[in-house]
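# Reading the structure
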Amino acid sequence: MSGTSITPKTTSFRGAVDFLTGQLRQIGLFIALIVIVIFFQITTGGITLAPINVSNLIIQNSYILILAIGMVMVIIAGHIDLSVGSVVAFIGAAAGVLITKMGVPWPIAVVLCLVLGALIGAWQGFWVAYFKIPAFIVTLAGMLTFRGLTQITLQNTAISPFPDGFRAIGAGFLPDLGGGQTVVEPLTIILAILVILSMIGFGIRGRMTRSRFAVEDEPLWWFVVKLAFTSLLIALVAYLLASYNGTPIALVILGVLTVVYSAIMARSVWGRHIYAIGGNPLAASLSGVKTPRVTFTLFINMGVLSALAGLVFTSQLNLASPRNGDGFELDAIAAVFIGGAAVTGGIGKITGAIIGGLIIGILNNGMSILGVGTEYQALIKGLVLLAAVAFDVFNKRRSGR
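Residues numbered from 1 in each chain as written. Predicted model: local features only at pLDDT ≥ 70, side-chain atom pairs only at ≥ 80, totals over all residues. Heavy atoms only, no water.

If you look the protein chain up in an unreviewed UniProt entry, it shows as Xylose transport system permease protein XylH from Microbacterium panaciterrae. Of the protein chain, the UniProt comment under Subcellular location (unreviewed entry) reads exactly: "Cell membrane". Under the UniProt heading Function (unreviewed entry), the entry covering the protein chain gives this text: "Part of the binding-protein-dependent transport system for D-xylose. Probably responsible for the translocation of the substrate across the membrane." (UniProt positions renumbered as here; feature names shortened; annotations may be inferred.)

Here is the structure:
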């Protein structure tokens, strides 16, 4: 009998290749991040992964990553929000007036600013959800409106300084349990161990649940590789942070938001409805999804996250200025698309947006260290964004969508 026989080993290999091909989007994202880090680590003479630079990189990009979490949800639903940069500035101005001019205690001012962010989101969501005005137009109007309100609130002047407690939101660190006497900060190492163990535990539990209902489609080897890689990455970042000042409070905020919103998008009814609306709005409505309500709450959520990003940025800068937030919406949108979200909606992940934001942050950081001019930085970031969207289009055509 002629011909080549197909052995179980060959079938297994082909199955692995097919699975990896299906995961091309996620794998490519991680590979891109690693390659960029290695490139700048070499070209900057080791500065990129220096503990102080890693700490600054996280702090300086935290507000963009917070915006990216909300933006990816908006884009998954098939909308966009161009107003987030102006909202960041307006919330910073409101915080400045409340805290420094009116003498409101900063914790109360923070709560009031988050409520104000929700009201801003409700205002814009109302026009999008119930008047059916495209989000592009509504949020473009919002970008101009809230930039103007920022200038009116600040009377075209800057407000500074802020109390130390407020500044700690964006620029502070968790307490050093070692009292500065240890080689590495103990609390950061303890938190990293807890995060790794929790991640492994929840991962195994989820896999067992999916296997029990016969819906597990992820090979065991990939599950192990993914957990091992993520654990090593967390351990490395924790060690670098612990070698400097420990865990930034902004990282804690960002970590909590990432976990909570990842769970919401993957497991909650609201999250599944967001995906359904972005995938096929008509089918979602016919299936009983209350599209206006979901859209309305989605923009409220974006408003709250924009307000939080505004508080984090203002506390980092220790300054409320009419120019705060310029271009933030572009960085957040770029992070989402670089992170693998589909331009047409219905596809995207919170973690993808975070990785996309980190890629932009590392590019900015590395090019600044190398002394690359801002004009060339903009050029390179634009080409990276175009390449990410082109890759998304290529994937869709390859899969026959």
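Now that the structure is up, let's keep going.
## So, the packing of helix α3 (residues 51-76) against helix α9 (residues 220-242)
α9 packs onto α3 with a crossing angle of 105° between their chain directions and a minimal axis gap of 8 Å. In terms of axis orientation, α3 runs roughly perpendicular to α9. The residues of α9 that touch α3, namely those facing Pro 51, Val 54, Ser 55 and Ile 58, are Val 237, Leu 240 and Leu 241. Class assignment for the residues of the contact of α3 with α9 results in six nonpolar, one polar and no charged. (Axes fitted to C-alpha atoms, helices over the stretch in contact; angles between N-to-C directions. Helix = DSSP H or I, 4+ residues; strand = E, 2+ residues; numbered from the N terminus. Parallel < 35°, antiparallel > 145°, perpendicular 65-115°, else oblique. Contact = heavy atoms within 4.5 Å. Nonpolar A, V, L, I, M, F, W, Y, C, P; charged D, E, K, R; others polar.)

## Thoughts on the side chain of Ser 86
By the element assignment, Ser 86 lies in helix α4 (residues 84-101). By relative accessible area, which is 2% here, Ser 86 ends up buried. If we skip the residues at most four places from it in the chain, Ser 86 touches Gly 142, Met 143, Phe 146, Arg 147, Thr 150 and Glu 329. (Buried < 20%, exposed > 50% of the residue type's maximum accessible area, 1.4 Å probe, protein only.)

## Focus on the pattern of salt bridges
The final tally for this structure, using the stated rule, is two salt bridges. The partner of Asp 326 in a salt bridge is Arg 147, with the nearest N and O atoms 3.1 Å apart. Taken as a pair, Asp 326 in the loop between α13 (291-317) and α14 (328-338) and Arg 147 in helix α6 (residues 135-154) lie far apart in primary sequence, 179 residues in all. By relative accessible area, Arg 147 is classed as buried at 13%. (Salt bridge = Lys/Arg side-chain N within 4 Å of Asp/Glu carboxyl O.)

## Things to note about unusual backbone geometry
Looking along the chain, the bond that leaves Ser 160 and enters Pro 161 is cis, with omega of 0°. Structurally, Pro 161 is set in the loop between α6 and α7 (164-171). Of note in this structure, Gln 155 is not a glycine but carries a positive phi near 55°. Relative to the assigned elements, Gln 155 resides in the loop between α6 and α7. Here Gln 155 falls in the exposed class, since its relative accessible area comes to 66%. The phi dihedral of Asn 318 is positive, around 55°, even though this residue is not glycine. One can find Asn 318 in the loop between α13 and α14. Residue classification places Asn 318 among the buried positions, given a relative accessible area of 13%.

## Considerations on the packing of aromatic side chains
Working definition: an aromatic ring pair is given by the centre-to-centre distance plus the angle between the planes. Taken as a whole and assessed by the stated rule, the structure comprises 15 aromatic pairs. For the pair Tyr 63 and Phe 328, a centre-to-centre distance of 5.0 Å together with 25° between the ring planes defines the contact as stacked. Here Phe 328 lies in helix α14 and Tyr 63 lies in helix α3, a separation of 265 residues in the sequence. The burial state of Tyr 63 is the same as that of Phe 328; both residues are buried. On the numbers, 5.5 Å between centres and 80° between planes, the contact of Trp 123 with Trp 127 is edge-to-face. Taken together, the residues Trp 123 and Trp 127, both in helix α5 (residues 106-130) and four residues apart, mark about one turn of the helix. For Trp 127, a relative accessible area of 25% puts it in the partly exposed group. (Phe/Tyr/Trp six-rings, centres within 6.5 Å; stacked < 30°, edge-to-face > 60°.)

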